[in-house]
There are 2 protein chains.
Amino acid sequence: MKEELTFEAVRDVFTNYLNQKKHRKTPERFAILKQIFDNEGHFDAESLYNQMQNDYRVSLATVYNTMELLLDCGLIVKHPFAGQTSQFEKTFGNNIHHHLVCTKCGSVKEFSDKKIRTVIQSKIFSSFESSHYSLYLYGLCKKCQALLKQK
Amino acid sequence: MKEELTFEAVRDVFTNYLNQKKHRKTPERFAILKQIFDNEGHFDAESLYNQMQNDYRVSLATVYNTMELLLDCGLIVKHPFAGQTSQFEKTFGNNIHHHLVCTKCGSVKEFSDKKIRTVIQSKIFSSFESSHYSLYLYGLCKKCQALLKQK
DNA sequence: TTTGTTGCAAAACGTTTGCAGCCTC
DNA sequence: GAGGCTGCAAACGTTTTGCAACAAA
């Protein structure tokens, strides 16, 4: 589905996408992609915006605009965590991983499992061309298990 | 992880949860649960609210409040589809299924795969007690594949 | 030059909250 | 009776939008 990539390779994917869709290749868009590339883990639009204020200044609206494009070309995914803020994650350069979401405290941990990954990635559909996936396991983290048993 | 249930069984799960948490067993809460039980597929808070206006009238705030409780006791899950609105789905009475999300048009389809289900469900964690899961495969649906090839 | 994109601020949207009255317990 | 829960409307925070200026093609 995907593998470790350099920024150049990622930028090319984005460039091709922009060309194909006849969207403009603005410096803001590449600056945002670079910032995402340099980051680890999950992030939201506003924190990305804040991080960028020192380097290449863009407006929050442009961040949202660009997220839409990156989402559309599959370079990032949107996660359902947290309350009101959308959490994003890049789909490149990470180890493929799955999420453990605690239904009590909302904490999110990651884990990898080759067997699960293989089974999911080897699934072929006749009428759907899959590029990537997200798996969330819901339950109780260690802390919340302990808290419940105390009572 | 779960199996086909009658409304009585589901109601009992909710009742036990409310007792355990020392929350009150109000008619509104059970009316909302009943409405969810009777529905198929995904739904959001506002459409549930609208559906109920004919039967047992509740406020939108109470719907949101109750969703929180149902989420907490695992009777429903929250999905990351769509733009701004949270989509929910009951975790009981459905066939266990996975989701195919088109990254172009946003359509969501379901599929079942026993092998995938088994591999995920048989995963045991030393410090996480999982109760259910969600799997999303992102890619292009048949329609959008065709549209792209035309160009 | 054309027209898509940007920044800004205002608007829109889903969701949460404050409060008075109600109804479980 | 006490206090959690409800409905209502106002408030909140995130995301989107309208518009004039800008810049990629």
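Residues numbered from 1 in each chain as written. Chains lettered and ligands numbered in written order. Predicted model: local features only at pLDDT ≥ 70, side-chain atom pairs only at ≥ 80, totals over all residues.

Engineer: How should I be thinking about the overall build of chain A in this particular structure?
Structural biologist: A tally of helices and strands in chain A yields 6 helices and 5 strands. Its helices and strands in sequence order give chain A the pattern α-α-α-α-β-β-β-β-α-β-α, from N to C terminus. Burial status across chain A gives 23% buried among its 151 residues. (Helix = DSSP H or I, 4+ residues; strand = E, 2+ residues; numbered from the N terminus. Buried ≥ 20, exposed ≤ 12 C-beta atoms within 10 Å, placed from the backbone.)

Engineer: So what exactly am I meant to see when it comes to the nonpolar core here?
Structural biologist: Soluble globular proteins tend to pack their nonpolar side chains together in the buried interior. Counting residues in each nonpolar core, the largest one holds 51 residues, and the members touching the most others are Ile 76 and Tyr 133 of chain A together with Tyr 133 of chain B. Leave out the neighbours within four places in its chain, and Ile 76 of chain A touches Ile 36, Met 67, Leu 70, Leu 71, Phe 88, Glu 89, Lys 90 and Thr 91 of chain A. (Core = buried A, V, L, I, M, F, W, Y, C linked by C-beta atoms within 7 Å. Contact = placed C-beta atoms within 7 Å.)

Engineer: So what exactly am I meant to see when it comes to the interface of chain A and chain B here?
Structural biologist: It is common to report an interface's size as the accessible area lost on association of the parts. Opposite the 31 residues of chain A that make contact, chain B presents 31 residues. Broken down by secondary-structure element, the contributors of at least two residues to the side of chain A that touches chain B are β1 (76-79), α5 (114-121), β5 (128-141) and α6 (142-150) of chain A. No other element matches β5 of chain A, which puts 14 residues into the side of chain A that touches chain B. In this structure, β5 of chain A lies alongside strand β5 (residues 128-141) of chain B, joined through 13 bridges in antiparallel fashion. In the strand pairing of β5 of chain B, Leu 140 of chain A is matched with Glu 129 of chain B. (Pairing = 2+ DSSP bridges.)

Engineer: Any chance you could explain the environment of Ile 116 of chain A here in plain terms?
Structural biologist: Following the sequence through the fold, Ile 116 of chain A ends up in helix α5. A C-alpha to C-alpha distance of 9.7 Å links Ile 116 of chain A and Leu 135 of chain A, two positions 19 residues apart in sequence. The contacts of Ile 116 of chain A, once residues within four sequence positions are left out, are His 98 of chain A together with Val 119, Ile 120 and Lys 123 of chain B.

Engineer: Which parts of the structure should I look at to understand the protein's contact with DNA strand D?
Structural biologist: Near DNA strand D, the surroundings consist of 25 residues, among which Ala 61 and Ser 86 of chain A together with His 23, Ser 59 and Thr 62 of chain B are the closest. Those elements giving two or more residues to the surface near DNA strand D turn out to be α4 (60-72) of chain A together with α2 (27-38) and α4 (60-72) of chain B. Class assignment of the residues belonging to the surface near DNA strand D gives a composition of 7 nonpolar, 11 polar and 7 charged. (Near = placed C-beta within 6 Å. Nonpolar A, V, L, I, M, F, W, Y, C, P; charged D, E, K, R; others polar.)

Engineer: What is the right way to read the protein's contact with DNA strand C from this model?
Structural biologist: In the neighbourhood of DNA strand C, 25 residues make up the surrounding shell, with His 23, Ser 59 and Thr 62 of chain A together with Ala 61 and Ser 86 of chain B lying closest. For the surface near DNA strand C, the secondary structure elements donating two or more residues are α2 (27-38) and α4 of chain A together with α4 of chain B. The class makeup of the residues in the surface near DNA strand C is 7 nonpolar, 11 polar and 7 charged.

Engineer: Explain the packing of helix α3 (residues 45-52) of chain B against α4 of chain B to me, please; I cannot follow it from the model alone.
Structural biologist: The relative placement of two packed helices comes down to the angle between their axes together with the axis-to-axis distance. Residues and elements named next belong to chain B. Across the interface, α3 lies against α4 with an axial gap of 9 Å and an inter-helix angle of 125°. Comparing the axis directions of α3 and α4 gives the class oblique. For the element pair α3 and α4, the recorded crossing hand is right-handed. Along the contact surface, α3 presents Ala 45, Glu 46, Leu 48 and Tyr 49, while α4 presents Leu 60, Val 63, Tyr 64 and Met 67. The class makeup of the residues in the contact of α3 with α4 is 7 nonpolar, no polar and 1 charged. (Axes fitted to C-alpha atoms, helices over the stretch in contact; angles between N-to-C directions. Parallel < 35°, antiparallel > 145°, perpendicular 65-115°, else oblique. Left-handed = near helix turned anticlockwise from the far one by under 90°.)

Engineer: I keep staring at the pairing of β5 of chain B and nothing clicks. Help me out?
Structural biologist: Regular strands have side chains that alternate between both faces of the sheet. All names here are of chain B. Burial analysis of β5 places 10 of its 14 residues in the buried class, the great majority of the element. As defined by bridge partners, strand β3 (residues 98-102) adjoins β5 across 4 bridges and the pair is classed as parallel. Across the sheet, the residue bridging to His 99 is Tyr 136, located in β5.

Engineer: Any chance you could explain the sheet that holds strand β3 (residues 98-102) of chain A here in plain terms?
Structural biologist: Two modes of strand pairing occur in sheets, parallel and antiparallel, and in both the strands are linked by backbone hydrogen bonds. Ordered by their spatial adjacency, 6 strands build an open sheet running β4(A)-β3(A)-β5(A)-β5(B)-β3(B)-β4(B), and the pairing between neighbours is mixed. Each edge of the sheet is formed by a strand with only one pairing partner; in this case those strands are β4 (108-111) of chain A together with β4 (108-111) of chain B. Adjacent strand axes in the sheet meet at a mean angle of 30° when their direction is disregarded. Two elements, β3 of chain B and β4 of chain B, share 4 bridges in a ladder whose sense is antiparallel. Considered in β4 of chain B, the bridge of Leu 100 of chain B is made with Lys 109 of chain B.

Engineer: When you look at the relation of the copies chain A and chain B in this model, what are you seeing that I'm missing?
Structural biologist: Between the two copies of the chain lies a relationship made up of a rotation around an axis and a movement along it. Taken as rigid bodies, chain A and chain B are interconverted by a rotation of 179° and an axial shift of 0.1 Å, the fit giving an RMSD of 0.3 Å. Expressed as an axis order, the relation between the two copies is that of a two-fold axis. An overlap of 100% is found between the interface residues of chain A and their copies at the interface of chain B, pointing to a shared contact surface. (Least-squares fit on C-alpha atoms with pLDDT ≥ 70 in both.)

Engineer: Sorry, what's going on with the environment of Glu 68 of chain B here?
Structural biologist: For Glu 68 of chain B, the position within the fold is in helix α4. Expressed as a C-alpha distance, the spacing of Glu 68 of chain B and His 79 of chain B, which sit 11 residues apart in the sequence, is 14 Å.

Engineer: For this particular structure, what's the right way to read the confidence of the model for chain A?
Structural biologist: Caution is warranted with low-pLDDT regions, since their predicted coordinates should not be read in detail. Across chain A, pLDDT averages 90, with 95% of residues at or above 70. Looking across chain A, the model is least confident in α6 of chain A, with a mean pLDDT of 80, and most confident in α2 of chain A, with 97. (pLDDT = per-residue confidence, 0-100.)

Engineer: In this structure, what is going on with the environment of His 79 of chain A? I would like to understand it.
Structural biologist: Relative to the helices and strands, His 79 of chain A resides in strand β1. According to the C-beta neighbour criterion, His 79 of chain A is partly exposed, with 19 such atoms within 10 Å. With 27 residues separating them in the primary sequence, His 79 of chain A and Gly 106 of chain A have C-alpha atoms 13 Å apart. Setting aside anything within four residues of it in sequence, one finds His 79 of chain A in contact with His 42, Gln 87 and Glu 89 of chain A together with Pro 80 of chain B.

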